[in-house]
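Close look at the chain arrangement
Read off the chains here:
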Amino acid sequence: TAFNNLGPEELPVFAEDQIKHPETVIDTLTIGSGDFNHLKTGWEPRLSINYRLTDRSSLKMGYSRTYQYIHLFSNTVASLPTDLWRPSDPNLEPVSAHIFSLGYYRNFQANLFESSLEVFYKDIDNLIDFTNGTRVLLNPELVFNTLQGTAKAYGVEYMLRKTRGKLTGRLAYTYSRAKSKFESEIPGQSLNMGETFPANFDRPHDLNLFANFQLGRRWHTSLNFVYTTGRPISLPESSFRIGGAIGFADIFRNQFRVPDFHRLDWSVSLEGSNKKDRKWLTSWTFSIYNVYGRKNVFSVFINGEDGRPRQLSVLGAPFPSLALNIKLNHHE
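Notes on the structure follow. Only a predicted model underlies this, so the values are computations on that prediction, with no experimental measurement involved.

Attention shifts here to the pattern of salt bridges. Taken as a whole and judged by the stated rule, the model has 10 salt bridges. With a closest N to O distance of 2.4 Å, Arg161 and Glu114 form a salt bridge. Placement of Arg161 in strand β11 (residues 146-162) and of Glu114 in strand β10 (residues 113-130) is noted, with a sequence separation of 47 residues between them. Accessibility expressed as a relative area gives 37% for Arg161, which makes it partly exposed. Two residues, Asp202 and Arg177, come together in a salt bridge whose shortest N-O distance is 3.0 Å. One end of the pair, Asp202, is in the loop between β13 (197-198) and β14 (205-214); the other, Arg177, is in strand β12 (residues 167-181), and 25 residues separate them in sequence.

Our focus in this paragraph is the environment of Gln18. Relative to the elements of secondary structure, Gln18 occurs in the loop between β2 (9-14) and β3 (25-31). Exposure remark for Gln18: the relative accessible area of 42% places this residue in the partly exposed category. In this structure the C-alpha to C-alpha distance between Gln18 and Lys166, which are 148 residues apart in sequence, comes to 66 Å. Beyond its immediate stretch of four places on either side in the chain, Gln18 contacts Thr24 and Ile186.

Here the focus is a nonpolar patch on the surface. On the surface, a cluster of nonpolar side chains totalling about 1,100 Å² of accessible area is made up of Leu223, Trp266, Trp280, Trp284, Phe286, Val291, Tyr292, Leu322, Leu324, Ile326 and Leu328. Of all the secondary structure elements, the ones that give two or more residues to the nonpolar patch are β21 (280-289) and β24 (319-328). Broken down by element, the residue count for the nonpolar patch peaks at 4 residues, all from β24. Of note, Leu324 is situated in strand β24.

Mapped onto the elements of the fold, His220 is located in strand β15 (residues 219-228). Side-chain polar atoms of His220 contact the side chain of Asn212, separated by 3.1 Å. Aside from chain neighbours lying at most four places away, what touches His220 is Asn212, Phe213, Gln214, Leu215, Ser267, Val268, Ser269 and Glu271.

We now examine the packing of aromatic side chains. As enumerated under the stated definition, the model contains 8 aromatic pairs in all. Here Phe73 and Phe130 contribute two aromatic rings whose centre-to-centre distance is 5.3 Å and whose plane-to-plane angle is 75°, an arrangement assigned as edge-to-face. Residue Phe73 is located in strand β7 (residues 70-73), and its partner Phe130 is located in strand β10; the two are separated by 57 residues in the primary sequence. No difference in accessibility class separates Phe73 from Phe130, as the two residues are buried.

So, how was this worked out
- Residues numbered from 1 in each chain as written.
- Predicted model: local features only at pLDDT ≥ 70, side-chain atom pairs only at ≥ 80, totals over all residues.
- Heavy atoms only, no water.
- Salt bridge = Lys/Arg side-chain N within 4 Å of Asp/Glu carboxyl O.
- Helix = DSSP H or I, 4+ residues; strand = E, 2+ residues; numbered from the N terminus.
- Buried < 20%, exposed > 50% of the residue type's maximum accessible area, 1.4 Å probe, protein only.
- Contact = heavy atoms within 4.5 Å.
- Patch = residues over 30% accessible without salt bridge, like charges linked within 9 Å, V, L, I, M, F, W, Y side chains within 5 Å.
- Areas by Shrake-Rupley, 256 points an atom, 1.4 Å probe, with all protein chains shown as cover.
- Polar contact = N/O pair within 3.5 Å; in protein donor to acceptor, adjacent residues only side chain to side chain.
- Phe/Tyr/Trp six-rings, centres within 6.5 Å; stacked < 30°, edge-to-face > 60°.

What follows is the structure, encoded as structure tokens:
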């Protein structure tokens, strides 16, 4: 793969072995309109092997190396239209990763059940993050706050699925870890004093259970349960008051977690007449999202008046809905 920017653009040149700061800029690299700007290349080999052990089981192995030349700059939980994308340049190396996987797949009882067990490992270089307190939106000096480090992710995934019968569904469980490290000999260019810490997407436990039961020829009901470990967050460990203002200290990256996330959804559906000569096929679905009203925490913030943490929940109550589905029945 190869990636190259086209001008016009002006890029700061920093003094070697110095913190990225306006005072350490020693020159400006000016790229003219239509001129190339710092070619980036990388080999991306891919290997996939599927070895059939028997007619019901197989072993799959895979390896790939990937490069990411365009980076998402965001420090929010959810994707927003204001998220900033920035291409690689002389001050921003592309993210690269080695990805390994090994899986065992087996079917049971004439393919009534399908199961798989897979392990994976990722080794990532030049991961993007920011210095503490960085404001991403409308920040003209974001280049001074950008850090690049390493990350490792590994885990095991298990899946069991029932494909036929009145009761169908699947069970999927994943245990995985994702850890980052931003270490530098330059003061101010490290996070958490250069120690390894959980990445933003580190959620060790992830459980998904879906079941569908055929009640009759036209009726069926389904359940969906989701459970995940709470995501890491950064909060101050101490606070102090000077006059009427509150200050915070001992802020380390991702040293806390929001409470675990879990939710149960339920639905029941009534299919319309399925005669072949009907031009339209209809069905009604009544569902309840978040059946037991779990107040899952979306984010945690510090109250500016008393310095205490507050939890924000979104959709923390049962939400019923009724839907009419209409599908064109195409036949000869």
